Each structure stands twice: as C-alpha cells, then as structure tokens.
Amino acid sequence: MAIECLVLGAGQEVGKSCVVVTFGGGKRVMFDCGMHMGHRDSRRYPDFDRLLADGAADYTAAISCVVITHFHLDHIGALPYFTEVCGYHGPVYMTYYDCAALVYPFQQYPTKALAPLMLEDYRKVMVDHRGEEEQYSYEDILRCMRKVIPLDLKQTIQVDKDLSIRAYYAGHVLGAAMIYAKVGDAAIVYTGDYNMTPDRHLGAAQIDRLKLDLLITESTYAKTVRDSKHAREREFLKAVHKCVSGGGKVLIPAFALGRAQELCILLDDYWERMNLKIPIYFSAGLTIQANMYYKMLIGWTSQKIKNSYTVHNPFDFKHVCHFERSFINNPGPCVLFATPGMISGGFSLEVFKKWAPSEKNLVTLPGYCVAGTIGHKLMSGKPTRIDIDKDTHIDVRCQIHQLSFSPHTDSKGIMDLTEFLSPSHVILVHGEKPQMAFLKERIESELGMQCCYPANNETVSIPTSQNLKINATEKFIVSFCMDETENDPQKQNLNFGGDMPQGCRTEGVAEGVLLMEKSKTPKILREDELLHSLGMETHFVHFEPLHPSSIEVKHTGESAVQQSSLEHLDCE
Amino acid sequence: MEEPPLLASTSRATASVASSSSANCPDPMDEGPSVSVPGLPFAEQLRAAGRGASSGSPGGPEAQVQALASISRGIYPLARAEALRGLAAVLETADAPGGVVELCHGCAVGLMRDEDEGVRLASVRLIALCADKLNTREGSDGNGDNQTDIMFLQRVSEGVLLQSLSKKVIKPNTGSGSIIKGEKVPPKLIYPCAAGIFAHGIEDEFHQVRTAACKSLGALSKLSAQYAQKALDLLMGMMNDDTEAVRLQTLQALFHMATYGCLTVQEMHMHMFLGLLVDMNASIRDATRKILGLVNLPKLQMFKSAIDVLITSLEKHQEEQEIYSVLFSVGKNHGNFSANIAKHLAKEISMPSDGELILDKPRIKALLIVSISVAFSDDKHNKRDIPEVIFSHAISLLGKISCAIGEVVDQNSLLSYFCQRTGIPFWETKLPSRESEGCSVETVADIRPRIEKTVKSTKCLDEVLTMQSVKSIIETVERTWTIRKSCNIRDVRNILRTCKEELRILASNSSGSTGAFLSFLCEYLDAVQFIVEILRSFQLDNSYDLGPTSPDILLEKLDTSIRRMKCCYAGFNRGMEIQVCELALLANLFGLSKVGIQSKLVLDKLHWMINRLDCLCADGSCELSYFSREIKKAFDANFVGHDIFTLLELFHPKPTTDYGMLKTISADLQVRDNDPENSSTYVCGLPVAVSLYISLCNISSQDRLWLRMIVGESIQHTFLELSSFGGNDEVKSCSTIIPFYATPMACSFVLRACLVMECPYGSVSIRQECNRGPSGSIIELSDELDVYFVCTKRR
C-alpha cells in the first residue's frame, strides 16, 4: 500500500497551494485550493483536470474532501472556482471556533468568516480595477461558503468510514491550521503555513506527537534562520517615535489582516508606556472590519491576549481613532495604517502622494513587495522621484523604514517540527527550489528521513508500512528485559568513567520464534516455549559416556563423529 | 560422579539474572508472579544492588552504578525512578571514586526531561547529591566555598553558552566539522538541547517562560563577556515586551549584569534605554535609573542624551528625588564628559538672566549636580577644571547634592569643601575637612561603617552648624536694623526676606526644640519686618495710605505676629519672654502713637507689659533693655515730656539664641473621605455632621481650643473638650464628628474649618459679646481646611 501525493500547486514555488493526497482505498484529500497572484492566465489556478485523469466521472467523485488551512488567497483563492465553476460538490472543511459568547453562527469560523472578505476584495480588485474577466461572482463566493463545513481545533472529523481528519493550531494567521489525515494505518500531516514562534497576537503552532508516514510542510524560509524579532520591533518603534516627536507623519501601508493588528498592538502598547498623545489612525474599510472579526475570534489568538481578554479586549485599541479623508492635510504628527500593503494603489497611494515630499515623514514598508508596486520601488534603493504615470510623479523625500514581520516559520522551526513529528517521509512545498534543495539535504543528513520537493503536477509515491499486531508471551518479554541488563564485564570496564555509560542498550535485539497460525493472531514466544505451544513433547538427548578408559588417545574430530553417531542411536 | 548435564542453551538469560542480582535472589525463575510484572525485577535487582553497596560486594560501586544507570534508561517510569534512588543510595554509601559522581550526574541530567514526574523528582535529588559530593571533593582541593550552581554553571563551556543564544549553529573555532568520505559533515552540537534555548525562551508565548529566560540570561552573563554582549542584545529587545513582569525582570537582569560589570551599552540601545526613563510605570523608571547609575557610556553624545532624558524625566516627575542621585553617579562615572557639561553650565549661569531664578529650574539643578560630580570622579585632571561659579551656586543646593551623594559624605564636609573652592571663608575650621583636592567617595564596601559613624556625629554637628548659621543671620538682621534708615527700603526688605527664607529652610531640616526655635525666629523676623515698615510709614507720614502697607493693617499684622509668638510656643525661658514682651511693648507704643489720644485700653496693656517685664527682671538675672527702661520712665511720667517717636527709635531688635526647651504648639486637622470629587451630602437647612481627625502637638490642658467653621457669612465655633483626646502630653489626637447647624439653602457649599486657640497671654482685651465663641483674641493653630458638601437631592 502506498500514499500518492500529487502536487497541483506550490511545488517549488510560492503561490496556489494545492496538494492532493491519495490514500489506499481510493480516498483522496485535497489540501488547500489556492490561486497564484503572479499569473493572469490559466496558470493562476491549479490544473484540476489532472484529477480526472484516472477516469473519474467528475470532481465530486474524484475527491473525498477539500480541506482549507487558512484564508490567504494563495490557499483559498481557487475554491469558488473549483466548487462553482468546476462543479465540485463534496465536503469542504475550514477551521471552526465555537464560542458561546458569539451570537452569529456564521461569524464563529475564522477562516470561514474571513475568507469571503478576502475573496470578494480580491475579486473586486481584479474585475473592477484591472478590468479583467470575471472568474466567479460574489454570489459564487457566497454559494461556495455555504458548502463549507466548520472544523474545530483538535476535533477529529470522520469524513467517511475510513478517512478522518483533525486540525491543529498553526499560528501564522487567525484561524490557520495544520491538518492531520488518516486512512487505516496511513497517516499524514499537511502543515499549510505555520509559525513556530508566537506573535504579539498569535500563538505558536502546536501539534501532538503523531505516528506519521508523510509530512507535507511549507518551506518558505527553508534556508533562513531568523533571529529574534525583538530587535526589529525596537528599530521600528525607534523610527516611529523619532518621526512623530519631530512632528512628522508615519504611513504604515498594511494588509488588512495580521500585520496591521500585530503592529497596532505593538504601537498601542508603546504609546501607553511612553504616554504619547499622538493619534494612531486606521483607514476606513477592511482594517476596521477585520479588527471587528479579530475581536470576535479571540480564542484563536495568543495566550497573553486570551488572558487579558477577560479584563479588556486587546483589539479595542486605546490610542487608535478612525481616520477621515480630510485628515490627510491636517498639520501635526500622526500614525496612519492604510491599505493596500504595497502602495499598489488605493488609499495608501493617495496618502503617500501627499506625505512623501516631506522629509519629516516616514513610510514603513513590509518585508516583501511585489515587483512593479511603489513599495517595491521604494525598497530597491532610495529613489527621489517616482513616476506614477506620464503626467504625475512624486518627489520622495520622506524616510523609508523596512520592517519584516514574517508569519512563516524559519528553517530551525521546520527542522524542529520535522524532528518532533519524526515522519518516515517529508515533502517540501511552498518554497523556492534552491532553498528547498538545501533543506532536503539537511533533513536527510541530520534527521535521516527521506525527503523530496516535487515540482507542480508531479506525483510522489510513498510506501507505507503496514502494522501487524502480534502477541508476545510473558516469558519472552521477561527474557528480553533481562537481556537488556546483561552486562559484559569487559565492555563495562572499558567504558567506565566516560560521560555516557555505553554498556547498556536502549534498543535491544531479542531472539524468539514468531508463530503464525491460521485464524489466530501471530504470537512471538521464546524458544523453549515453542514445543509446548505446539503441543509436542520434549525430547531429551542423553549422551552416554563411552568407555573412555579403553581408548587412551583419540583425536577430537573423531570423538565428534562418535558423538553424532551416538546421537542417532539414542534418539527415539 | 554422574551429574546429569542440562541442555542449557535456553537458560542464558536466567543465568545472567542470577549473576547480576547476586546471591540474595537465589532463584528468580521460581518467582512466577514477580516475573510476570516487568517492572518488578528492576526494583528487585536494584534493592539487591543497594544491599550490595552497603555490604561492599566485590562488584564495587562502578558495577552497581553501571547496572543502575542501564536500568534508568528502561521503559517503566517506576523502575527509572527507583534506579535513580538506587544511584543516590550508592553515592551516599560508597566512597565514590571520580568517575562515579559524573556518571550519576550524567544519568540524572539525562532524565531531567523525563515525562514522569517521579523520575524528574528523583533526578533532581540525585543532581543535588552529586553537587554535594562534588562540592566536598573540590572543597578538599581548596575552594570549598564555591556555590553549587556556580560550579555547575562553570562546567558549561562558553561555546555551549553562546550556542544557547543563537538558533544558528555556531561553528567552533577548532575543527569546523569533519570530513567523512569526502563529504563535509556539519559540526555536531555538544548539547543539542541547549541550542537556541534562549532565543526560543524569550519569544515564548507564556510570560512566565520569558521571565525565566531573562533571569537566566542575566545570571549567566557573568560567566563570559562575549555571552554578555549577545545576551544584552536579546534583553534589549525584551524591553518592549507586553507584560510588565517581563520588563521588570529584564531590567533586573540588566542590573545584575551591570553590577558584575559585564554591561556595555551601545549606541543602538540608547533609544530603548532612554525611553524607559520616561516610562509611565514608576517601577520601570526606577529600575532603569539604577542601571544607568552603573553603566559606562562610551560616547559624549550618549552621555548628553542620557542627561537630557534624565532632566526631562525630572521635569515630568519632580517628586522623584532619586533622579538627582542618578545624575550624580552618572556624572561621577564619566568625569570627562561631566567636566564638559560643567564648562557649558558655567557660561550659562554667568550670563545675565532677566530676573529669572534659573536655579529653580530642574534643568539647571540637574546640570549643577552633574558638574559637581566631577569633583568626585576618579579623574584627577578634571577636578581642577570646575569653574568656581559652579561651586558658589552649588552651595544653595547643598541639601539636594548631599542627598544625591548619599550618606557617603556628610553635608558639613561637603559645605566646607564648596566654600573652600569658592573662596568663601568657612567659619568652622575644626570641622573635618577633607583632602585639599576634593572629597573622595568611597567604594560600596566601606560605606557601611562610615554611615554608622556619620549618623551619630551628624546630629550634633547639624545643631552646631545650624546655630552658626542662625548667629550669622541674627547678625545680619541687627546690621540691617542699624542701616535701615540710610538704606533703600527695598534692600532692607530683601535682606529680611532672604534671612527668613534661610531660617525656614533650616527649620524644615531640624526638629525638636531647635526646629521650634527656628520657626519662632521666623516669626520674630516677621515682626521686625512689620516694625520696619511701620516706622517707615510713620517717617513718610502717609497715614492715609490704603492697602497692605497702610499702618493700620501693618499694626494688626504685627499684633497677630506677636500673638503667635506668645501663644504658639511653650517652654519659653526668661530671655525669650522678655523679647516678646518688648515687642508687645513696642506694638502698644505704636498704637499709642497712632491713636494719638491716650486710650485707656492701650495704656492698660502697656502697664501690664511693664509690670510683667519688671517682674521678669526682678531677681536681677536679666536686665531690662534701655528701651524698656525709658518706656517705663515715660509711662511713670505719664508720657509727659517724652516724645513717643523718639521712644520708638530706641527699640533695637536683639533676638536671643538661647532657647532652652522650646516647643511648638501646633495642630493638624483632617477631614475623612472628602474632596471636591467626593463631596459629603447634606439636606438643606438641617444640621450636617463633619467627621474630623484632629491631632494636637504640645497643647496643655489649660489651653482652650475651638473649631471654627465658616460658611459664607455664618461662623460657628465649637469648643473642643481636651479630655476627649487620646495620646500623651506631647501628641494628642481624636476622631470626632461635629455638627454644623447653619447649612445654607444651596445645592452645594464649601465649609472652611480651622482650629483656633484662645490667646490668654496678657490679653487686656475688649470682651467680645459672643455667647458661643472664644473670648478674647485668638490664633489659628492649623491651616484652614475646605470641606465640600452637596445637597442630597442634586446628587
């Protein structure tokens, strides 16, 4: 029996995560259903046709279930397309959070709650701004969301008789989960995106020690070992404080979810401690709405936030006020969070145009900006003039601060998780090829596991071990345990005084007889028990002493011959 | 001899059991049930080993330890725990040779992270025992006082320490990885579990873990400088932690590092560090200051920014006097930089200020202290560079500076040093003067005995010093009196005001009868000033002058002042009483001259005074002053042929410095649970209860105390029964509820309460026709207290 793993997306690249795992018995699970933001043609979606290659009538028959780890578009973007356009009607699972305090059932599932928000936002950008062909409508998104079955953390869901899945907390972003799937003896974990270090608002990934055949892990930072982010926080606060105390304005372009909240918690806390009275603004739209969701989904956040929640909702920022468009030209210092994150347009561009010409002001950029955006231009070198189009250009005199708070785990984190789970095989996805090659080497040499990183549309077959239950007799176990304490005195003396006593074994080899009978559980027993259990009698061989007095000198070889002949004689 | 030989191939294990469990278990195979429980044979064996150890079996401790160590790696937690206990037993009994302790330790450390609590417990106990053993062993080598933890810490190499900070594999300097079969094998970590443990620890989700990580970082820093440097980077990041406990622990760790001298602050840390000095949280500020007082700032820029932030902090939180001492120690630690500050400051002070009192500004105070600290720094060159003007200004801040220095140098020697540097002759050469170049500040170690010594000597020295200043003040006053006519009145006022100021400062620093005397002297100077003013107004003859300088008001003020002197002090000696009487005489004379006609009342008073003075000097121990004698003569002659104004000119203030057992009579009035935010309620027109706490100082049972309550125009006096007060003769106190009857028909009002005392002393006064109130003149004993009331309906 084997596990077939078909990588439809995020193979040796980042984007459109989609991995289909086929277990024995025809069970097929699709993990994530993302889209690629970099492509605008058919490459943007995973090549779903391959699922029908082995003769299945439609997608519903081909796939047992779809599991979405979190609401980022590269993990969920293709879902409405898959369900509404391609016509998949099977179950779709997303994380679920059950909290009695929440009134509306729809808002209890972080991924389910936030996903339509993200999808609709993206759809609007694509269709309304870029004028592209509509891939799916808002109604499609809603219809798709209605099919979603919520999934709670650590809850085992029996998809059907054989297939069960379970979600574990993954950090990364609100509602992110790692998925454990099991069919019979074959078990795998698909991590999705995860973070092993806690944030200010999210906890670290947690998972049980499981017996796994396969681990499919993201490898965004396959080679990088990140140092503590405290230093970066410090630099960020220093830059912001310096700017506002000099009367400048700070623009923080941010994506609505995750980073904005993280930075806002940081700033709000700092403001509180330093007793600063300068306003922090959130631009209207997604961010405020997302804050609202965050407030409701407090159970998915870090320990500190959960603890303080009983007293005060940490997402009710004390120093944050709502921003009005007219404030842009107000004098005096302020801090503004504005979408979109890479100053690719919209409100953050509008503000940037106004604020960039003053050297007192500061723009804080995220660690990664897509090429072609203003954010990217600002990061690569320090431009003094940015042309937006033929007629308009911006003189950039403001300071630029770059701040990367990545919610992905680093190389050490991947290694730690892999070591902790100790699967027999590891598949790397969601990363760049050279780095993945490096990590593969490390996993194979340091952890002794087989590892691969298939490209898109490649299939990897992984043999699974079949477990066989056997019984063992008491005597066998006792003798095995005694074996362990057996000491070879010579060996003992040699090793004595060293750091580790090597005279003992933690894993020993035991000798016994495996007895397999029809319609009975196989059994392992000690040599001397064998005859008894077979119901045979014991035969003893007695050696008769043979007149040694008569023969004075004889060769040993001959005596052996004699003995064997005697054996023949005495044996009954 | 025929012995039937057994086919023994299957009994190998049996034999091994028999051999290892020695003769005490004759035949384990017979014990069916015991074999069936897998855990039991271990325990069995172990006990056997323990017994073997006590009986000194030929195997020796090594063999037993080896056996037990192997059991401790078994799968059953009970067996593991038992094995560890067995090891402990072996260690205790046996005269353990070198390797054994290490082996046990290794074994125990290996099980420190066991999943079973019992095993962990046993392993900790075993480690403790190992530590003990090692300690005694090392002790015999000569360093027995080594603490266990320190010793264990030092067993960890620097490499491991550094590795614990970084998630990245740090390559050792020697042999960076080995090459096996042509492939480079990355270097193996010695303790893989230590790798990046702190890097993870400080980022943990739970603040308890972060706190512990910070604590450990601080504690380990003293072992290696390189480690300390890297740990500092991590710790600096922790200052932004969202939990206060973590931040405080971080600061404590830094303080720890600073005390061990392994804290070098870099420029990149300054912003963070200085931000903490103006943190909202007082304990954070305090902890940061403590650290700042110990660290070394390598650059002038850093030093200046630190001083600037300290000044900002001082301006924001004026009540935090510790800032001065931090300023001082920072200045002292950076002699060069402070000298620089001193030069700039000297320029600034010397520049003419537009009548502003620059010394009052916290900034100047702070900079002065920094400048002064140069004199105490180790740097010899800078000491001479401090401009003189700094010292002359420093004298006025003597109290603050001596506070800042701490108890190391007492105030007197500091003063003498300042005076000497300024060139002002200091009166008392006998005072312990320091070495000519400057006072030296002792290290922490020898402060203690000094403090004890100083505390004893300070008290009497203080008194001597105070009296010296008082004498010089009195001299000044007398001199001023003589030159008052030739001088501009403004100068006279200034001098008197300065003298009063100084007395007040001295009074606030002293207690007991000295304090009482100083405040008495203050009152006396008040009176003198009024007299000067009155004489001047007579001179100018502006009797129609209105406002505060009109003679009527001045006269009234003088009267009050004299009354206060009479009544607010107890335990006058004769000299002082004569003084007060003379003042009263003068005041009455003024009245006489003012009224023009010889009022019966004033004459009566005069008569009374003269008699009293006569009486005081009757036994000849004191002598009447010329002024009193002349008045007496004039009075006897019914002021015929005596010009009152010439008589007035005869007065000469001569305050005595002999004050005996003078005591201040004072009272304190407090109202419970009442402030503008939290007013008490009342019903219009009905009496309301005022709950008061009254404490009295040195009030005698003859004194008649009243509580005066004023609301608008209505005044209510309530007599206070002294018998209802508890306490001793010196301090009496009581909590009482006093009704106030005339509540106004208003939605709210403010009641002004004050404790007043009847002034019986020589009061030949008009009887006030008031039934419920004090008779005669009164003095206010306490400050007026506002009590807020609000009508119940409106609340």
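Residues numbered from 1 in each chain as written. Chains lettered and ligands numbered in written order. Predicted model: local features only at pLDDT ≥ 70, side-chain atom pairs only at ≥ 80, totals over all residues.

- Chain B is annotated in an unreviewed UniProt entry as Integrator complex subunit 4 from Oryza rufipogon.

- The name an unreviewed UniProt entry gives chain A is Metallo-beta-lactamase domain-containing protein, with Oryza rufipogon as the organism.
- Among the UniProt annotations of chain A, the heading Subcellular location (unreviewed entry) holds the following wording: "Nucleus".
- Looking at chain A in UniProt, the text filed under Sequence similarities (unreviewed entry) is "Belongs to the metallo-beta-lactamase superfamily. RNA-metabolizing metallo-beta-lactamase-like family. INTS11 subfamily." (UniProt positions renumbered as here; feature names shortened; annotations may be inferred.)

1. A word on the nonpolar core
Phase 1 of the analysis: Counting 89 residues, the largest nonpolar core has Cys5, Val19, Val21 and Ile179 of chain A as the members making the most contacts within it.
Phase 2 of the analysis: Broken down by element, this core gets its largest block of residues, six residues, from strand β9 (residues 177-183) of chain A.
Phase 3 of the analysis: Setting aside chain neighbours within four positions, we find Ile179 of chain A in contact with Phe31, Val67, Thr69, Ile165, Ala167, Val189, Tyr190 and Gly192 of chain A.
Phase 4 of the analysis: Listed in part, the 77 residues of the second largest apolar core include Ile474, Val528, Leu662 and Met709 of chain B. (Core = buried A, V, L, I, M, F, W, Y, C linked by C-beta atoms within 7 Å. Buried ≥ 20, exposed ≤ 12 C-beta atoms within 10 Å, placed from the backbone. Helix = DSSP H or I, 4+ residues; strand = E, 2+ residues; numbered from the N terminus. Contact = placed C-beta atoms within 7 Å.)

2. Observations regarding the pairing of strand β20 (residues 425-429) of chain A
Residue and element names in this part refer to chain A.
Phase 1 of the analysis: Burial runs high along β20: five of the five residues are buried.
Phase 2 of the analysis: Along β20, one buried face is formed by His425, Ile427 and Val429 and the opposite face, lined by Val426 and Leu428, is buried too.
Phase 3 of the analysis: Of the strand pairs in this sheet, strand β11 (residues 214-218) and β20 are connected by five bridges, and their pairing is parallel. When the sheet's bridge partners are listed, Thr217 is paired in β20 with Leu428.
Phase 4 of the analysis: Examined bridge by bridge, β20 and strand β21 (residues 450-452) share three bridges and lie parallel to one another. Bridge pairing in β21 links Ile427 to Cys452.
Phase 5 of the analysis: For the handedness criterion, the β-α-β arrangement of β20, helix α13 (residues 433-447) and β21 is classed as right-handed. (Pairing = 2+ DSSP bridges. Right-handed = clockwise from strand over helix to strand, strands pointing away.)

3. Description of the pairing of β9 of chain A
Phase 1 of the analysis: Burial analysis of β9 of chain A places seven of its seven residues in the buried class, which makes it a mostly covered element.
Phase 2 of the analysis: Across the two faces of β9 of chain A the burial is the same, with Ala177, Ile179, Ala181 and Val183 of chain A and Met178, Tyr180 and Lys182 of chain A all buried.

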